Amino acid sequence: MRRETVEVLLMVAVVLVAAVGVSVLAYETPVAPPVPQVPATLVVRGYVGEFSPQFYAVAAHTAQPSGLAHDPGVQTLLNASPIRFLRYGAGSESCDPIHNISYSPNGTPRSGCDYDLSALKAWCTSLHPTCETLYQLPGETNNSSEDAAIVAWLLGTVGFEPTYFAIGNEPNGWTHFGIPWTSWRSTDNSVPTPLAYAVEVRSVIAAVRAVDPSAQFVGIEAASPYGLDWFTTLVHVDGPQLSAVAYHLYPGRPLGAEPTVDQLYGLLDGIDNISSTYGTVRGAVDAACGCTDLPVQIGEYNAGPVPSVTGVYPPLDGQYPDAVFLAGSIDQALAEGVPTLTFFSLQSPSTAFEFGMLNSADAIAPVGLLYEEILPSFAGRWIDALVIAGAPDVWGTALVTNATGGQQVSALLVNAQVATQVRLRIGALLPPGTHATLIGWQPGEPQPGVEHGVPLGENVTLPPQGILLINATVPSGVPAVGRLGPARSPAPELRGIAGAAPFAGGLPLGTGYATRSPEEPVGAGRCSFRSSGGPTRRSRITTGSSRGSGSKECGVPRGTK
């Protein structure tokens, strides 16, 4: 009810009281209805494989070409995040990096390229160990000598060797294939076939290895997981020469410009999701090359729809639901064994987020907060897929590391239900009484909150659209998940099974993430986060203590850490 309306009603009531001589006016504030809840059970589906150090990746576009070296907001985000694999070379199809010239579709030289390889070198070499990189060589001109000259310049002048080279980007969209930059025309319609592209890759690999014998190659950055002949032809022609192949995935393409939150989360179960597309590409690559070990990366990933389809970025771009969608996608990718999930992109060129973790003013999007505040603690050596029985649209993965005195278990749980909280039984993951650090986030909170030393009960509560990371140590001799845990058979796929019986035991359900004793208030130990104008820095986690009384800093201005 609007404030003005309330004030008017109160004034009317006062007049009525005076008129009829009533001395007391009762006015009650409406009580919000309780949030619906469903019970569910966490099931350990089984060991997936080793966690790849290249899993956390980003298309490292920056608002300014030298942003990696000179933008403090970019550096702060990258240094705080677990990202150590950068795909680099925005606009590389039309860029001559040796002379720092970019060409228009009409062949007209323009000022400067959209990236700076010396900036890439500066950031990567500042890390110990250094980062891993994928640099895109120009491919549309089909000029292997030109690519070899760029690599020679990169090694000799810049003094930097990327981990991988890619030959161009999304070749199915090229229209100037085999045409020199200065001869490009917007009316060109020179389109490569999959075989022509595979032959180009073979030529470029030979030319580049003549100047850099140790060069490694990601064979294709395909525009989508469809058109499988691009993959099968490539690996048939070039398979032994390749270190990986990659495809791009924007599962929200069909939604149009204004998807709802429910539609966004529905993409996690849609036909274009990671599970469906990765399995399809993986199977086609394996069959074509007669192998099972050529990595298939996801070279670009975001919800979509992409502007090239709709003309605009969707209104949910840069909002909290993006973080929920991506966290669920990370669980899904790990469960499928995806070695690299490359978020698109690092920084937008404008004050809108435009799929970026940051905007041009260094304000951070919720997805950036996810990478900076939650994912650094989601780490481990082995991947265990988790299945949630009894509640659809809830996702989970565990990462496990063998440690002195027990196992370090890190579990990322995501509730992609819009209005329903989930009471999740977690005994298959962690025994009751385990003390854990919880990093949780839900709608209405500007940033994640942290609780240290929380004693877990049999259940945890995932609020609607909630993200929860559980970090705990399971002592030696206590059954736990992971490669070194007790022998077990992979559980059947139980997602979506309804009608689970209410759980016996446990403690009363709170409104936070963990079940706790009645005397301990929900949210104890949480930072009281406050919104503030302008770009701010998130909570900085410090040492914790028992019963959720951990210490932290909140709302630290950007650039102060």
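Residues numbered from 1 in each chain as written. Predicted model: local features only at pLDDT ≥ 70, side-chain atom pairs only at ≥ 80, totals over all residues. Heavy atoms only, no water.

Some remarks on the environment of Tyr247
Put simply, the test is: Helix and strand definitions follow DSSP, with helices as H or I runs of at least four residues and strands as E runs of at least two, each counted in order from the N terminus. Accessible area is worked out with a 1.4 Å probe on protein chains only. A residue is then buried under 20% of its type maximum, exposed over 50%, and partly exposed in between. Pairs of N or O atoms within 3.5 Å make up the polar contacts considered here, provided that, within protein, one atom can donate a hydrogen while the other can accept it, and that residues adjacent in sequence are counted only when both atoms are side-chain atoms.
Relative to the elements of secondary structure, Tyr247 occurs in strand E10 (residues 244-249). Classification of Tyr247 by relative accessible area gives buried; the value is 0%. In terms of polar contacts, Tyr247 uses its side chain to reach the side chain of Thr277, at 3.0 Å.

So, the sheet that holds strand E19 (residues 459-462)
Rules: In this description, strands pair whenever DSSP reports at least two bridges between them. Each axis is a line fitted through C-alpha atoms, and for a helix only the stretch in contact is used; angles between axes span 0 to 180 degrees, taken between their N-to-C directions. Residue contacts are counted whenever heavy atoms from the two residues lie within 4.5 Å of one another.
Sheet architecture is open: nine strands sit in the order E18-E17-E20-E15-E14-E13-E1-E16-E19, paired in mixed fashion. The open sheet has two free edges, formed respectively by strand E18 (449-455) and E19, since each of these has just one partner strand. Each neighbouring strand pair of the sheet contributes to a mean axis angle of 25°, computed without reference to strand direction. Note: strand E13 (residues 382-389) against strand E14 (residues 394-403), five bridges, orientation antiparallel. Counted as the bridge partner of Trp382 is Val400 from E14. Sheet contacts for helix H11 (residues 320-336): strand E1 (37-50), E13, E14, strand E15 (406-415), strand E17 (435-441) and strand E20 (467-475); angle to E15, the most-contacted strand, approximately 130°.

Here we look at the sheet that holds strand E6 (residues 109-111)
Strand order across the open sheet formed by three strands is E4-E5-E6, with antiparallel pairing between neighbours. Whereas interior strands pair on both sides, the edge strands pair on one side only; in this sheet they are strand E4 (95-96) and E6. Relative to E6, strand E5 (residues 101-103) runs antiparallel, the two being bridged by three bridges. What sits directly across from Ser102, in E6, is Arg110.

A look at the state of the cysteines
As a reminder of what qualifies: When two cysteine sulfur atoms are found within 2.5 Å, that pair is recorded as a disulfide.
Within this structure, the stated rule accounts for three disulfides. Between Cys95 and Cys113 runs a disulfide, and the two sulfur atoms are separated by 2.1 Å. Measuring handedness by torsion sign, the sulfur bridge of Cys95 and Cys113 sits at about 95° and is right-handed. In this pair, Cys95 is assigned in strand E4 and Cys113 in the loop between E6 and helix H4 (117-125), connecting sequence segments 18 residues apart. The disulfide partner of Cys124 is Cys131, and the S-S distance across this bridge is 1.7 Å. Looking down the S-S bond of the Cys124 and Cys131 bridge, the torsion is 45°, so its handedness is right-handed. Residue classification places Cys124 among the buried residues on the basis of a relative accessible area of 0%. What makes Cys131 buried here is its relative accessible area of 6%.

Observations concerning the pattern of salt bridges
So the rule is basically this: In the sections that follow, a salt bridge refers to a side-chain nitrogen of Lys or Arg positioned within 4 Å of a carboxyl oxygen of Asp or Glu.
Per the counting criterion, the structure on display carries five salt bridges. Its salt-bridge partner being Arg381, residue Glu50 comes within 3.8 Å of it at the nearest N-O pair. Taken as a pair, Glu50 in strand E1 and Arg381 in the loop between helix H12 (366-374) and E13 lie far apart in primary sequence, 331 residues in all. The salt bridge involving Arg87 is made with Glu221; its shortest N-O contact spans 3.6 Å. You can see Arg87 sitting in strand E3 (residues 85-88) and its partner Glu221 sitting in strand E9 (residues 217-222), a full 134 residues away along the chain. Per residue, the accessibility class of Arg87 equals that of Glu221, and both read buried. Connected through salt bridges with shared partners, the residues Arg87, Glu221 and Glu300 form a single ionic network.

Here's the deal with the packing of aromatic side chains
Rules: Note on aromatic contacts: the rings of Phe and Tyr and the six-membered ring of Trp form a pair at centre separations within 6.5 Å, being stacked when their planes are under 30 degrees apart, edge-to-face when over 60 apart, and tilted otherwise.
Taken as a whole, this structure holds 19 aromatic pairs when the rule is applied. Seen in terms of ring centroids, Tyr103 and Trp181 are 5.4 Å apart; in terms of plane orientation they differ by 10°. Their pairing is stacked. Remark: Trp181 occurs in the loop between strand E8 (164-167) and helix H6 (194-211) and Tyr103 occurs in strand E5; sequence separation between them is 78 residues. Each member of the pair, Tyr103 together with Trp181, is buried. Both rings, one in Tyr250 and one in Phe344, keep their centres 6.3 Å apart while their planes meet at 75°; by these two values the pair is edge-to-face. Taken as a pair, Tyr250 in the loop between E10 and helix H8 (261-266) and Phe344 in the loop between strand E12 (341-343) and H12 lie far apart in primary sequence, 94 residues in all.

With respect to the confidence of the model for the protein
To keep things clear, this is the line we draw: pLDDT expresses, on a scale from 0 to 100, how confident the predictor is about each individual residue.
Per-residue confidence for the protein gives a mean pLDDT of 82, with 78% of residues at or over 70. Low confidence marks residues 482-561, where pLDDT is under 50. Its contacts with residues over four positions away, or in another chain, come to 199 contacts.

With respect to the side chain of Asp238
We apply this condition: When charges are counted, neither His nor the chain ends are considered; positive counts come from Lys and Arg and negative counts from Asp and Glu.
By the element assignment, Asp238 lies in helix H7 (residues 229-238). No salt bridge forms around the buried Asp238; measuring N to O, its nearest opposite-charge neighbour Arg202 is 5.1 Å away. For Asp238, the residues in contact, after removing those within four places along its chain, are Ala198, Val201 and Arg202.

As for the packing of helix H9 (residues 274-289) against H11
Between two packed helices, the angle of one axis relative to the other and the distance separating the axes together describe the packing. The criterion, for reference: Angular relationships are summarised with four words: roughly parallel below 35 degrees, roughly antiparallel beyond 145, roughly perpendicular across 65 to 115, and oblique for the angles in between. In this scheme, a crossing is called left-handed if the near helix is turned counterclockwise away from the far one by less than a right angle; it is called right-handed if the turn is clockwise. Throughout this entry, Asp, Glu, Lys and Arg are counted as charged residues, while Ala, Val, Leu, Ile, Met, Phe, Trp, Tyr, Cys and Pro are counted as nonpolar. The remaining residues, Gly among them, count as polar.
Between H9 and H11, the least distance of the axes is 9 Å, while the angle of their chain directions is 30°. The pairing of H9 with H11 is recorded here as roughly parallel in orientation. Where H9 crosses over H11, the handedness of that crossing is right-handed. For the pair H9 and H11, contact is made by Ile274, Ser275 and Tyr278 and by Ser329, Gln332, Ala333 and Glu336, respectively. Looking at the contact of H9 with H11 residue by residue, the classes come out as three nonpolar, three polar and one charged.

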